[in-house]
Amino acid sequence: MKDKFIRILSPIQIIIVLILDVAVIGYGIFAIKKLVQNTRSAVVFFAVCVAVALVVAVLVTKEIFSHGVIFHDDELEFTGLDNDNTFAYDDIISIKTEKDEKPSFVKNFIDRQSKIIITLKDERVETIYIGITTKNTLQIVSDEICKRANIEAVKVNE
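Below, the structure is looked at part by part.

Here is what the cut-offs are and how they apply
Throughout this description, residue numbers start from 1 for each chain and increase along the sequence as written. Since the coordinates come from a predicted model, pLDDT governs what is reported: local features require at least 70, and pairs of side-chain atoms require 80 or more to be given and counted, while whole-chain, interface and lining totals use all residues. Only hydrogens and water are removed before side-chain values are computed, so all heavy atoms of the structure are retained for them. In this text, buried Ala, Val, Leu, Ile, Met, Phe, Trp, Tyr and Cys residues form a nonpolar core when linked through side-chain atoms within 4.5 Å. Between buried and exposed lies partly exposed: a residue is buried under 20% and exposed over 50% of the maximum accessible area for its type, with that area taken using a 1.4 Å probe on protein chains only. We count a stretch as a helix when DSSP gives it H or I for four or more residues in a row; a strand needs E for two or more, and each element gets its number in order from the N terminus. Two residues qualify as a contact provided that any one of their heavy atoms is within 4.5 Å of a heavy atom in the partner residue. For a helix, the expected span equals 1.5 Å multiplied by the number of residues minus one. By definition, no residue in a patch forms a salt bridge, and every one has over 30% relative accessible area; like charges are joined within 9 Å, nonpolar side chains (Val, Leu, Ile, Met, Phe, Trp, Tyr) within 5 Å. Note on areas: Shrake-Rupley with a 1.4 Å probe; residue coverage comes only from the protein chains shown. Whenever a carboxyl oxygen of Asp or Glu lies within 4 Å of a side-chain nitrogen of Lys or Arg, that contact is scored as a salt bridge. Polar contacts, as counted here, are pairs of nitrogen or oxygen atoms within 3.5 Å of one another; within protein the pair requires one atom able to donate a hydrogen and one able to accept it, and residues that are adjacent in sequence qualify only if both atoms are side-chain atoms. Strands were regarded as paired on the criterion that DSSP finds at least two bridges between them. Between N-to-C directions, angles span 0 to 180 degrees; the directions come from axes that are lines fitted to C-alpha atoms, helices contributing only their stretch in contact. Grid points spaced at 1 Å and placed over the protein atoms alone form the basis of the search, with a cavity being a set where a 1.4 Å probe fits but cannot get out and a pocket an open set showing protein on both sides within 12 Å along at least five of seven lines. Lining residues have an atom within 4 Å of a point. Grid points are joined across faces, edges and corners, and a volume is the space filled by probe spheres set on the points. Gly falls in the polar group here, along with every residue not listed as nonpolar (Ala, Val, Leu, Ile, Met, Phe, Trp, Tyr, Cys, Pro) or charged (Asp, Glu, Lys, Arg).

Moving on, we get to the nonpolar core. One broad rule of soluble globular proteins: the nonpolar side chains tend to lie buried together. If you look at the biggest cluster of nonpolar residues, it comprises 22 residues, and the most contacted ones within it are Leu76, Phe78, Phe87, Ile92, Ile116, Ile118 and Ile145. For this core, the secondary structure elements donating two or more residues are β2 (68–71), β3 (75–78), β5 (92–98), β6 (115–120) and α4 (135–149). The greatest single-element share of this core, amounting to 5 residues, is contributed by α4. Apart from the residues within four sequence positions on either side, Ile118 is in contact with Phe78, Phe87, Ile92, Ser94, Ile95, Arg124, Val125, Glu126 and Ile128.

What follows is the structure, given as structure tokens:
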């Protein structure tokens, strides 16, 4: 099979990153206007700080949009994790998905994250927290894992 990449994006994360990117661009325009009007050292320092912020914004946006799951011929890899992020399809016995949808003011962000629980042949159970995602994204990832691992498809929260 061909390699496939499914991007896992949190709608909240996208909104926050785009707002911050627009703010950095706005400050950049403001800094350029002030630099043209007046080339004092304080204005130059502000422009340099905005240039650094612009580089950081580009790197953060690139990192956010690179998170997801890469499906290779014989294994899958979660790109947003540092370790224990690669699983061979032959080792997967079953998967279960969970997404909290009940409203509550007392739950923490970690309680709201979508989870993929993978049971492996050596009886290990790995829980992958993929962030605050949509139910549709979680279902797409789950269906692709089931298809490639030749196991029965599961519905989210069943």
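The terminal C-alpha atoms of helix α1 (residues 11–37) lie 39 Å apart, and with 27 residues this matches the ideal 39 Å at 1.5 Å per residue to within 8%. If you check which residues of α1 are buried, you get Val17, Asp21, Val24, Gly28 and Ala31. Lining the buried residues of α1 we find α2 (41–65).

This part takes up a nonpolar patch on the surface. A cluster of nonpolar side chains, Val44, Val48, Val52, Val56 and Val60, forms an exposed patch at the surface whose accessible area comes to about 380 Å². Take Val56: it is sitting in helix α2.

Our next topic: the environment of Asp21. Summarising the element assignment, Asp21 is placed in helix α1. For Asp21, a relative accessible area of 16% corresponds to the buried category. There is a polar contact of 2.6 Å between the side chain of Asp21 and the side chain of Thr61.

It is worth spelling out the sheet that holds strand β7 (residues 125–129) at this point. Taken together, the 3 strands give an open sheet; going across it, the order is β5-β6-β7, and neighbouring strands pair in antiparallel fashion. In this open sheet, the two strands that pair with only one neighbour each are β5 and β7. Ignoring strand direction, the axes of neighbouring strands in this sheet form an average angle of 20°. By the bridge criterion, 6 bridges tie β5 to β6 in an arrangement that is antiparallel. Looking at the pairing, Glu98 lines up with Lys115 of β6.

Our focus in this paragraph is the sheet that holds strand β4 (residues 86–88). Read from one edge to the other, the open sheet built from 4 strands follows the order β1-β2-β3-β4, with strand pairing classed as antiparallel. On the outer flanks of this sheet lie β1 (4–7) and β4, each paired with one strand and no other. Pairs of neighbouring strands in the sheet enclose a mean axial angle of 15°, with direction left out of account. Judged from the 3 bridges that link them, β3 and β4 form a sheet pairing that is antiparallel.

Now for α2. With 25 residues, α2 extends 36 Å between its outermost C-alpha atoms, agreeing within 8% with the 36 Å of an ideal straight helix rising 1.5 Å per residue. When we look at burial in α2, the residues that qualify are Val43, Ala47, Val50, Ala57, Thr61 and Ile64. Each element contacted by the buried residues of α2 is listed here: α1.

Another aspect to go through is the layout of surface pockets. Rolled over the atoms, a probe as big as a water molecule pinpoints where empty space is left. In this structure, the largest pocket occupies an estimated 330 Å³ of space. Along its surface, the largest pocket is lined by 17 residues, and Gln13, His67, Tyr129, Ile130 and Gly131 are the ones closest to its centre. Secondary-structure elements contributing two or more residues to the lining of the largest pocket are α1 and β7. Each residue belonging to the lining of the largest pocket can be placed in one class, and the counts come to 9 nonpolar, 8 polar and no charged.

So far we have only geometry, and geometry alone does not tell us how the molecule works.
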